[in-house]
Amino acid sequence: MPEIAEWFHPKRRTGQTRLLMVGAFVGALVVLTSSTLFSWPVNGGPASAANDPNAAFDAPDGSCLVWPAGTTDISKVDCSAKHLFEIAGTVDLTSKYPAGAPFPDGTLWQKIAQDNCAPVASKYMSGKLDPNGKYSVNALNPTAQQWSGGARTIRCGLQFAGHGGALQLTTGSAKTSDQSAIYPVGTCLGIKDKDVSDPVPCTSGHSYEIVGIVDLKAQFPDGFPSDDQQQTALSTRCVQAANDYTGGFDLNKNQLGLTWDNVKQDSWNLGSTKVNCKIGQKLADGSGLQTITNSVKDRGRAAGATPSSTSTSTPPAGG
């Protein structure tokens with residue numbers, strides 16, 4: 001593996017279902033950070049049938065939900081449409097938390113969801129949830145007000161969260177979708193504390209720019225490729241993708257590097273065979289990633305680059 005490719009791999013979210021959760025707030029569906037638990041909104045006024053929170057909460061398993069950022073305007077939509085959450089199952093906590101039980105704090109909610117939603121999601125996916133893929137498990141939980149009124153039901157579900165925890169819109173049911181952890185070409189991933197964060201406009205500071213998607217299945221139709229085989233294939237295909245994307249922008253000259261993800265065998269066995277090709281650079285002292293501003297595609301056009309000036313996947317010395 002090229003040095004830059006090895007170093008650049010973001011911290012993978014481990015665990016079979018990669019639960020993302022934290023405490024809850026009263027009266028709103030809240031998306032906080034990379035560790036997020038949802039609270040179901042308390043009715044605060046009239047709502048149409050399309051965005052009635054209770055109707056959405058009571059939707060059958062397999063239903064998909066969406067809401068505008070920062071609002072409680074939750075709607076049930078067809079899973080073929082863009083959505084943020086797919087309901088995988090329902091858990092009643094009454095036997096463990098009877099009337100009078102105190103409202104759980106963030107740590108306890110995390111344990112509740114871990115203990116209850118991981119198996120629910122696994123069953124919903126027929127045991128085929130990619131542990132390294134784009135989907136993670138979360139829960140919709142009662143608010144403190146609803147809890148005090150006796151509500152003990154949580155809805156477990158699947159979501160696509162960015163590296164920083166912000167939920168990403170997705171289409172199609174998780175049951176039938178490609179679970180490869182990829183982003184659309186042209187996506188820039190933000191940077192926070194010298195590490196990868198959620199997608200941002202490329203005009204903002206970012207860590208990586210996705211310049212290509214490679215499906216390794218096309219090159220290895222007969223079975224899982226070893227790490228060495230993946231590196232050999234991607235060192236050619238990602239360089240070509242970068243050339244095509246940037247018009248041959250000279251990465252070495254501009255102190256940038258090309259890297260890519262790899263596929264693990266358990267992911268491959270579940271059909272996740274696609275990887276990101278991406279451009280970024282680490283800091284000279286090795287303490288993290290550099291902040292990059294503006295798209296390399298725009299820079300390549302402005303510079304009038306030619307394919308012969310494209311860098312290889314190995315960074316300049318000391319990069």
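In this report, the structure presented in the accompanying data block is examined. (Residues numbered from 1 in each chain as written. Predicted model: local features only at pLDDT ≥ 70, side-chain atom pairs only at ≥ 80, totals over all residues. Heavy atoms only, no water.)

1. Considering the overall build of the protein
Helix and strand counts for the protein stand at seven helices and 11 strands. Carbon and sulfur atoms make up 51% of the accessible area of the protein, which totals about 14200 Å². (Helix = DSSP H or I, 4+ residues; strand = E, 2+ residues; numbered from the N terminus. Areas by Shrake-Rupley, 256 points an atom, 1.4 Å probe, with all protein chains shown as cover.)

2. Points about the environment of Ala59
On the secondary structure map, Ala59 appears in the loop between α2 (53-57) and β2 (64-66). For Ala59, a relative accessible area of 4% gives the class buried. In sequence terms Ala59 and Arg155 are 96 residues apart; their C-alpha atoms lie 9.8 Å from each other. Look past the residues within four positions of Ala59 in its chain and what remains in contact with it is Lys76, Ile87 and Arg155. (Buried < 20%, exposed > 50% of the residue type's maximum accessible area, 1.4 Å probe, protein only. Contact = heavy atoms within 4.5 Å.)

3. Comments concerning the state of the cysteines
Scanning the entire structure with this criterion turns up four disulfides. Through a disulfide, Cys117 is tied to Cys156; the S-S separation comes to 2.0 Å. The S-S bond linking Cys117 to Cys156 shows a torsion near -75 degrees; that makes this disulfide left-handed. Of this pair, Cys117 sits in helix α3 (residues 106-124) while Cys156 sits in strand β6 (residues 153-160), and the two are 39 residues apart along the sequence. Cys156 carries the same exposure label as Cys117, and that label is buried. Two residues, Cys238 and Cys277, share a disulfide whose sulfurs are 2.0 Å apart. Because the sign of the S-S torsion sets the handedness, a value of about -70 degrees for the bond joining Cys238 and Cys277 places this disulfide among the left-handed ones. Remark: Cys277 occurs in strand β11 (residues 274-280) and Cys238 occurs in helix α5 (residues 227-246); sequence separation between them is 39 residues. Cys277 carries the same exposure label as Cys238, and that label is buried. In the protein, the bonded cysteines, taken in the order they occur along the sequence, pair up as 1-2, 3-4, 5-6, 7-8. (Disulfide = S-S within 2.5 Å.)

4. Details of the side chain of Thr170
Structurally, Thr170 is set in the loop between β6 and β7 (188-192). Apart from the residues within four sequence positions on either side, Thr170 is in contact with Ala81, Lys82, His83, Lys134 and Tyr135.

5. Quick look at the sheet that holds strand β8 (residues 195-200)
What the five strands build is an open sheet, ordered β8-β7-β9-β11-β10; its pairing is antiparallel. The sheet terminates laterally at β8 and β10 (257-260), the two strands that pair on one side only. The average undirected angle you get between the axes of adjacent strands in this sheet is 35 degrees. Here β7 runs beside strand β9 (residues 206-215); their pairing, made up of three bridges, is antiparallel. Across the sheet, residue Leu189 finds its bridge partner in β9, namely Tyr208. Strand contacts of α5: β9, β10 and β11, with the helix running at about 115 degrees to β9, the strand carrying the most contacts. (Pairing = 2+ DSSP bridges. Axes fitted to C-alpha atoms, helices over the stretch in contact; angles between N-to-C directions.)

6. Quick look at α3
One full turn of an α-helix is made of 3.6 residues, so residues set three or four places apart face in the same direction. Here α3 contains 19 residues, and its C-alpha end-to-end distance of 25 Å stays within 8% of the 27 Å for a straight helix at 1.5 Å per residue. Looking at the buried positions of α3, the neighbouring elements they touch are β4 (85-92), β5 (135-141), α4 (144-148) and β6. Residue Asp105 occupies the N-cap position of α3, its side-chain oxygen lying 3.3 Å from the main-chain nitrogen of Thr107. Once α3 finishes, Ser126 follows within two positions and takes phi at roughly 55 degrees, a positive value. (Expected span 1.5 Å × (residues − 1). Polar contact = N/O pair within 3.5 Å; in protein donor to acceptor, adjacent residues only side chain to side chain.)

7. Concerning the packing of aromatic side chains
Taken as a whole and assessed by the stated rule, the structure comprises six aromatic pairs. For the pair Trp109 and Trp147, a centre-to-centre distance of 5.7 Å together with 80 degrees between the ring planes defines the contact as edge-to-face. Taken together, the residues span a long stretch of sequence, with Trp109 in helix α3 and Trp147 in helix α4 at a distance of 38 residues. Residues Trp109 and Trp147 agree in their burial class; the two are buried. Where Phe224 meets Trp268, the ring centres are 5.9 Å apart and the plane angle is 75 degrees; that geometry is what we call edge-to-face. (Phe/Tyr/Trp six-rings, centres within 6.5 Å; stacked < 30°, edge-to-face > 60°.)

8. Some details on the pairing of β6
Counting buried positions along β6 yields seven of eight residues, so the element is predominantly enclosed. Where β4 and β6 come together, six bridges link them in antiparallel fashion. Looking across to β6, one finds that Gly89 is bridged to Cys156. Where β5 lies against β6, six bridges are found, and the strand directions are antiparallel. If you follow Asn138 over to β6, its bridge partner there is Gly157.

9. Overview of the nonpolar core
Val211, Leu216 and Leu258 are the most contacted members of the largest nonpolar core, which has 23 residues in total. Within the residue set of this core, elements represented by two or more residues are β9, α5, β10 and β11. Among the elements that make up this core, the one with the highest residue count is α5 (seven residues). If near-sequence neighbours (up to four positions away) are discounted, Leu216 is found in contact with Gln230, Ala233, Leu234, Val263, Trp268, Thr273 and Val275. The next biggest cluster of nonpolar side chains, apart from the first, holds 22 residues, and it includes Val91, Leu129, Tyr135 and Leu158. (Core = buried A, V, L, I, M, F, W, Y, C linked by side-chain atoms within 4.5 Å.)

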